[in-house]
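# Secondary and tertiary structure notes
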Amino acid sequence: MPQIVFLPHPELCPDGAAIEAPSGQTVLDAALKNGISIAHACEKSCACTTCHLVIREGFDSLEESDELEDDLLDKAWGLEQDSRLGCQAMVEEQDLVVEIPKYTLNMVSE
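In this report, the structure presented in the accompanying data block is examined. Since we're looking at a predicted model, the values are computed, not measured. (Residues numbered from 1 in each chain as written. Predicted model: local features only at pLDDT ≥ 70, side-chain atom pairs only at ≥ 80, totals over all residues. Heavy atoms only, no water.)

## Here's the deal with the packing of aromatic side chains
Our working definition: Two rings from Phe, Tyr or Trp (for Trp, the six-membered ring) form a pair when their centres are within 6.5 Å of each other. A pair whose planes differ by under 30 degrees is stacked, one over 60 is edge-to-face, and the rest are tilted. Strands are runs of DSSP state E lasting at least two residues, helices are runs of H or I lasting at least four, and both sets are numbered from the N terminus onward. Categorising residues by exposure relies on relative accessible area from a 1.4 Å probe, with only protein chains included: less than 20% of the type maximum marks a residue as buried, more than 50% marks it as exposed, and the intermediate range marks it as partly exposed.
In the structure shown here, the tally under the stated rule is one aromatic pair. Arranged with centres 4.8 Å apart and planes meeting at 80°, the rings of Trp-77 and Tyr-103 form a pair that is edge-to-face. Here the residue Trp-77 occupies a position in the loop between helix H2 (67–73) and strand S4 (83–85), and Tyr-103 occupies one in the segment after strand S5 (96–99), the gap between them amounting to 26 residues. Classification of Trp-77 as partly exposed rests on a relative accessible area of 40%.

Take a look at the structure:
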């Protein structure tokens, strides 16, 4: 089973975490199942950017993002080349290293 390493985040995961996730599960669902409370204001429907993540290792193992996700990511705070929405990034066979950005834009409430 692939492993996801979450780098330390001051509020959501202060010590970082290493978890296992089955292939086909989203990175967001894996995080939530393991007590890492990443925001997901649109309830995982690919309609906001609150679950924005940066995939530091293993990015190329993920399926390509679609146009809707790319359009939303353009609005994310701290966008990087290896950014994905956690609700859309499916775990495959390769391990991942993930950074949770320090800030997020909640377009639902802003």
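## A look at the pattern of salt bridges
Quick reminder of the rule: Salt bridges are identified by distance alone: a Lys or Arg side-chain nitrogen within 4 Å of an Asp or Glu carboxyl oxygen.
Applying the stated criterion to the full structure yields four salt bridges. One salt bridge in this structure joins Asp-29 and Lys-44, with 2.7 Å as the shortest N-O distance. Here Lys-44 lies in the loop between helix H1 (27–33) and strand S3 (52–57) and Asp-29 lies in helix H1, a separation of 15 residues in the sequence. Residue Lys-44 is classed as partly exposed on the basis of its relative accessible area of 36%. Here Arg-56 ties to Glu-99 by a salt bridge, and the two come within 2.6 Å at their closest N and O atoms. Of this pair, Arg-56 sits in strand S3 while Glu-99 sits in strand S5; the two residues are 43 residues apart in sequence, bridging distant segments of the chain. Judged by its relative accessible area of 37%, Arg-56 falls in the partly exposed class. The network of salt bridges with shared partners includes Arg-56, Glu-80 and Glu-99.

## So, the layout of surface pockets
Heads up, the condition is: A cavity, in this analysis, means grid points on a 1 Å lattice covering only the protein atoms where a 1.4 Å probe fits yet has no way out; a pocket is instead an open set bounded by protein on both sides within 12 Å along at least five of seven lines, and a residue lines either one if it has an atom within 4 Å of a point. Grid points are joined across faces, edges and corners, and a volume is the space filled by probe spheres set on the points.
Looking at the largest pocket, its volume works out to about 160 Å³. Surrounding the largest pocket, 13 residues form its lining, His-9, Leu-12, Ile-100, Pro-101 and Thr-104 being those nearest its centre.

## Brief notes about the side chain of His-9
Applicable threshold: Here a polar contact is taken to be a pair of N or O atoms separated by no more than 3.5 Å, where protein atoms must pair a possible hydrogen donor with a possible acceptor and residues adjacent in sequence count only if both atoms sit in side chains. Contact between two residues is taken to exist if any of their heavy atoms lie within 4.5 Å; hydrogens are not considered.
Secondary-structure assignment places His-9 in the loop between strand S1 (3–6) and strand S2 (17–20). Look at His-9 and you get buried, because its relative accessible area is 4%. A polar side-chain atom of His-9 sits 3.3 Å from the main-chain carbonyl oxygen of Pro-101. Apart from the residues lying within four places of it in its own chain, the contact partners of His-9 are Pro-14, Ile-100, Pro-101 and Lys-102.

## Focus: the pairing of S5
The cut-off we apply is this: A strand pair is defined by DSSP finding two or more bridges across the two strands.
Alignment of S1 against S5, held across three bridges, turns out to be parallel. For Phe-6, the partnering residue across the bridge sits in S5 and is Val-98. Note that S3 and S5 share three bridges and pair antiparallel. Across the sheet, the residue bridging to Glu-57 is Val-97, located in S5.

## Digging into the nonpolar core
Going by this rule: Here, nonpolar core refers to any group of buried Ala, Val, Leu, Ile, Met, Phe, Trp, Tyr and Cys residues whose side-chain atoms link them within 4.5 Å.
Ile-4, Phe-6, Val-27, Ile-38 and Val-98 are the most contacted members of the largest nonpolar core, which has 25 residues in total. Elements represented by at least two residues in this core include exactly S1, H1, S3, H2 and S5. Broken down by element, this core gets its largest block of residues, four residues, from H1. Sequence-distant contacts of Ile-4, that is, excluding residues within four places in its chain, are made with Ala-17, Ala-18, Ile-19, Ala-21, Val-27, Ala-30, Val-91, Leu-96 and Val-98.

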